[in-house]
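# Notes for the structure review
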Amino acid sequence: HICVTESLVVGRKGGKLVALVVFAKDTVQQRFEELNPLWGHKGVSREEMMADLKREIMQSVNASVSTTSRITEIVEEREPFARTGSNKIKRYLYK
């Protein structure tokens, strides 16, 4: 998705898959500014727009994977993922 910089899917209790996502701040801000006039009379907040964006991403991802690989939640990460010297995400930090 254009608004996602990096993502990582982790397993949580109960076998649920959760996507940890770092959003592209500039792209998200631009999207908010473009959509807010359309939603202006409703007074849509940034949090509501982010919830809608997360739903959109989750529907898009889940439509293209098998039922056992579907994500149940998207959690926004504020900072880029920690990486190893070879530029791989340190997955063990995000369990």
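Whatever comes next refers back to the structure up there.
Since the model is a prediction, treat every value here as computed from it, not as a measurement.

### Let's talk about the packing of aromatic side chains
Scanning the model with the defined rule gives one aromatic pair in all. Taking the centre distance of 5.1 Å and the plane angle of 80° together, the rings of Phe81 and Tyr94 count as edge-to-face. Remark: Tyr94 occurs in the segment after β3 (71-76) and Phe81 occurs in the segment after β3; sequence separation between them is 13 residues. Comparing Phe81 with Tyr94 shows no difference in burial state: the two are buried.

### What about the sheet that holds β3?
The strands making up a sheet associate through hydrogen bonds between their backbones, and the pairing can be parallel or antiparallel. Here three strands make up an open sheet; going across it, the order is β1-β2-β3 and the pairing mixed. Pairing within the sheet leaves two strands with one partner each, and these edge strands are β1 (4-11) and β3. Between one strand and the next, the sheet's axes are offset by a mean angle of 25°, whatever the strand orientation. Pairing of β1 with strand β2 (residues 17-23) involves seven bridges; the strand directions are antiparallel. Note on β2: the bridge partner recorded for Val4 is Phe23. Packed on one face of the sheet, helix α2 (residues 46-63) meets β1, β2 and β3 and runs near 140° to β3.

Criteria and thresholds
- Residues numbered from 1 in each chain as written.
- Predicted model: local features only at pLDDT ≥ 70, side-chain atom pairs only at ≥ 80, totals over all residues.
- Heavy atoms only, no water.
- Phe/Tyr/Trp six-rings, centres within 6.5 Å; stacked < 30°, edge-to-face > 60°.
- Helix = DSSP H or I, 4+ residues; strand = E, 2+ residues; numbered from the N terminus.
- Buried < 20%, exposed > 50% of the residue type's maximum accessible area, 1.4 Å probe, protein only.
- Pairing = 2+ DSSP bridges.
- Axes fitted to C-alpha atoms, helices over the stretch in contact; angles between N-to-C directions.
- Contact = heavy atoms within 4.5 Å.

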